[in-house]
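One letter stands for each residue in the lines below.
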Amino acid sequence: LAPDFTPDEYVTDLRRYVPLETLRDQLNKHLARLNNELVELINKDYTDFVSLSTKLVDVEGAVVRMRAPLLDLRSKLNTTREDTYKALQVMEGRLGERQEARAIRAVLELMLDTTNVQAKVEKLVVELRAVKGGGAEAEARLLERAASELNRLNFYIQRAKGLPFVESMMPRIRASEEELTLRLHDSLRSALENQSQVVSLHCLLAYAAMDKVSSGEAAVRSVLVSPCVAATLAAATALPEDLPLLFKTLLDRLKTHAAFLISMIQAQPAGLHVFHFLSNSILAEVDSALASWRSSVFSAGVPSTFLRNFTAGLRFVEALETLCPSPASLAAFRASPALAAFFGRWNLPVYFTLRFQEIAGVLDEGLSGSATVRSEGGGKDSQFMLAVTNVVWQSLQKCWANEIFLPGLADRFLRLSLQLLQRYLVWLSTGVAARIALLSAGEGTPGGSAVKVPAAGTLGGQGDGQGVLSS
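Each chain carries its own residue numbering, running from 1 in the direction its sequence is written. In view of the model being predicted, local features appear only for residues whose pLDDT reaches at least 70, and side-chain atom pairs are presented and counted only at 80 or more, with totals across whole chains, interfaces and linings using the full set of residues. Heavy atoms throughout the structure, all of them, feed into the side-chain values; hydrogens and water do not.

Chemist: Explanation requested: the overall build of the protein chain in the structure shown.
Modeler: Secondary structure follows DSSP: runs of H or I at least 4 residues long count as helices, runs of E at least 2 residues long count as strands, and numbering of each begins at the N terminus. The number of helices and strands found in the protein chain is 18 helices and zero strands. Here the protein chain, with 471 residues, has 32% of them falling under the buried criterion. Across the protein chain, every contact between residues at least 6 apart in sequence was considered, and the portion connecting residues at least 24 apart equals 72%. Methods summary: accessible areas were calculated by the Shrake-Rupley approach with a probe of 1.4 Å, and residue burial reflects only the protein chains presented. Carbon and sulfur atoms make up 58% of the accessible area of the protein chain, which totals about 28,600 Å². Type-normalised accessible area, obtained with a 1.4 Å probe on protein chains alone, sets the label of each residue: buried when under 20%, exposed when over 50%, and partly exposed for intermediate values. A contact between two residues is defined here by any heavy atoms of the two lying within 4.5 Å.

Here it is, written out as structure tokens:
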């Protein structure tokens, strides 16, 4: 039976399927069968049961004789357990000492490694002082070696953080790092000014090893990109609003004066992939210089000028994207903060609002007049019977014309197109209903050419709400 078996619950459950009298009769029959089986079992072994008392002779003596060996075995087992426990404690203590010794040895090795690497860095700094003026390429190679060793040293410092020995070395380490950084900055500036690709590559790899990628990008921006941008903007003062020509001139000047940098970007040597010159050096400088030079070029006050300038900016960005050497670098360029900042200066919603008002004003003016049927000899430029229909068609064409449409506003221009059609549908339905009402009342003539349609709202958001457009 199950441990939680309860007769009352069992009987209660069975009563739902079996009457109580039937259940009682079956249980009585089962009890009688069990009693019969018990009697048969007793009768079967009755002789052994009766003679059991005669076989149990001197049981207590046997127990006494067995007690002594068992107690002796118990004593030996306890002694063995105690000895084992003591040996285990000794072993654990020695293992702990061994781990402490291993930790102390690791700290000593770390201190030795830190000392050795610091000595190498200081030795390389001394060599750099000696080699100054003896060759830019040799100096750049030494700078790259020193930067690699300094990177190892910083790794050891992070592992040994908090050790008094390492803390005492920090002034020497920082002094070496500052001197290397200054020499590396001067070497890279000189290499960029002399357009030395080999020396620039070694210096940039040294920047990467020292985890100063942003400093390398800033040096390229100030030495190479900034003078090109400044010269281009100075030459473009006579045509301040002609951004397409300005971007083209700037791109040509960069490809000429920074050709070695662009070739390095496209070749992407090992270790140079961490730099993002196209976004953080070129585009960031162009964006900042344009905003400082004349921020009005980003203004949407004159929609046609804004469209021309914004399209030129898009073409410039696309030209930079063609210089990306790999899909990964292209993805990094498109996700860069510099690109987001550049596009953030162009206020596309304001541009759309102005275009919306321009298109909506024309359509509102057309819908406010009468539904004039095109005469047979007039309106040669129209392919529709109603003049208003021609206005709606021209408005739809304006939404998607090259001189108005921008891909970044495709959803808004699509919404405007649908609103134009809805507005025209409301106007047409209202006009047809008014004409039918006039004909039914006998006030109109079949040959009439015009019906005054009640206004059903304007594109600017006035009226009863049917067919109303909003930007």
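Chemist: Help me understand the environment of Ala338 in this model?
Modeler: Along the polypeptide, Ala338 turns up in helix H15 (residues 337-344). Measuring from C-alpha to C-alpha, the distance between Ala338 and Ser288 comes to 9.7 Å, with 50 residues separating the pair along the chain. The residues contacting Ala338, other than those within four sequence positions of it, are Ser279, Leu283 and Ala284.

Chemist: I keep staring at the packing of helix H10 (residues 243-257) against helix H13 (residues 303-321) and nothing clicks. Help me out?
Modeler: Angle between the axes and distance between the axes are the two parameters that describe a pair of packed helices. Lines fitted to the C-alpha atoms define the axes, with helices restricted to the stretch that makes contact. Angles between their N-to-C directions range from 0 to 180 degrees. As a packed pair, H10 and H13 sit with axes 8 Å apart at the nearest point and diverge in direction by 20°. Here H10 is positioned roughly parallel relative to H13, judged by the angle of their axes. Taken as a pair, H10 and H13 cross one another with a handedness that is right-handed. Contacts between H10 and H13 pair Leu243, Pro244, Phe247, Leu250 and Leu251 from the former with Arg308, Asn309, Ala312, Gly313, Phe316, Ala319 and Leu320 from the latter. Each residue is assigned to one class: nonpolar for Ala, Val, Leu, Ile, Met, Phe, Trp, Tyr, Cys and Pro, charged for Asp, Glu, Lys and Arg, and polar for all the others, Gly among them. When its residues are assigned to classes, the contact of H10 with H13 shows nine nonpolar, two polar and one charged. An angle below 35 degrees is read as roughly parallel, one above 145 as roughly antiparallel, one from 65 to 115 as roughly perpendicular, and any other as oblique. Note on convention: near helix rotated counterclockwise from far helix by under a right angle means a left-handed crossing. Clockwise means right-handed.

Chemist: Looking at this structure, I do not really get the packing of aromatic side chains. What am I missing?
Modeler: The description of two aromatic rings rests on the distance between their centres and on the angle between their planes. Only the six-membered ring of Trp is used, alongside the rings of Phe and Tyr, when aromatic pairs are assigned; centres must lie within 6.5 Å, and planes under 30 degrees apart are stacked while those over 60 apart are edge-to-face, with the rest tilted. Across all of its chains, the model carries 17 aromatic pairs by this definition. With centroids separated by 5.7 Å and ring planes inclined at 65°, the aromatic side chains of Phe306 and Trp346 adopt a geometry described as edge-to-face. Residue Phe306 is found in helix H13, and its partner Trp346 is found in the loop between H15 and helix H16 (348-367); the two are separated by 40 residues along the sequence. Grouping residues by exposure puts Phe306 and Trp346 together as buried. Put simply, the rings of Phe298, Phe306, Phe310, Phe342, Phe343, Trp346 and Tyr351 touch in pairs and so form one group of aromatic residues. In our convention, an over-ring charge means Lys NZ or Arg CZ found within 6 Å of a ring centre and within 35 degrees of that ring's normal. The residue whose ring lies beneath Arg294 is Trp293, and the NZ or CZ to ring-centre distance is 4.6 Å.

Chemist: Where do I start with the pattern of salt bridges in this structure?
Modeler: Pairs may arise between side chains of opposite charge once their charged atoms sit close together. A pairing counts as a salt bridge when a side-chain nitrogen of Lys or Arg comes within 4 Å of a carboxyl oxygen of Asp or Glu. Considering all chains together, one arrives at 15 salt bridges under this definition. A salt bridge links Arg315 to Glu318, with the shortest nitrogen-to-oxygen separation between them at 3.8 Å. A residue pair is termed a helical-turn pair when its members lie 3 or 4 positions apart in one helix, as Arg315 and Glu318 do in helix H13 at three residues. A salt bridge links Glu358 to Arg355; the shortest N-O distance between them is 3.1 Å. Here Glu358 and its partner Arg355 are both found in helix H16, three residues apart, which amounts to about one turn of the helix. Classification of Glu358 by relative accessible area gives partly exposed; the value is 33%. Judged by its relative accessible area of 6%, Arg355 is buried. Shared partners join several salt bridges into a network, and the residues in it are Arg129, Glu179 and Arg183.

Chemist: I'm lost on the nonpolar core in this one. Help?
Modeler: One recurring pattern in soluble globular proteins: nonpolar side chains tend to sit buried together. In this structure, Phe316 and Leu320 are the most contacted members of the largest nonpolar core, which totals 103 residues. Filtering out sequence-adjacent residues up to four positions away, Leu320 remains in contact with Leu251, Leu278, Ile282, Leu283 and Phe333. For the purposes of this section, nonpolar cores are sets of buried Ala, Val, Leu, Ile, Met, Phe, Trp, Tyr and Cys residues that join through side-chain atoms within 4.5 Å.

Chemist: I tried to follow the environment of Phe306 on my own but got confused; where do I start?
Modeler: Note on Phe306: relative accessible area 0%, which makes it buried. Considered as a pair, Phe306 and Tyr351 are 45 residues apart in the sequence and their alpha carbons are 7.7 Å apart.

Chemist: What should I look at first to understand the packing of helix H9 (residues 213-235) against H10 in this one?
Modeler: Viewed as axis vectors pointing N to C, H9 and H10 meet at an angle of 140°, and their least axial separation amounts to 10 Å. The orientation of H9 relative to H10 falls into the category oblique. Note that H9 runs across H10; the crossing there is right-handed. In this structure, H9 uses Leu224, Val225, Cys228, Val229, Ala231, Thr232 and Leu233 to contact H10, whose residues at the interface are Leu246, Thr249, Leu250, Arg253, Leu254 and His257. In terms of residue class, the contact of H9 with H10 is built from nine nonpolar, three polar and one charged.

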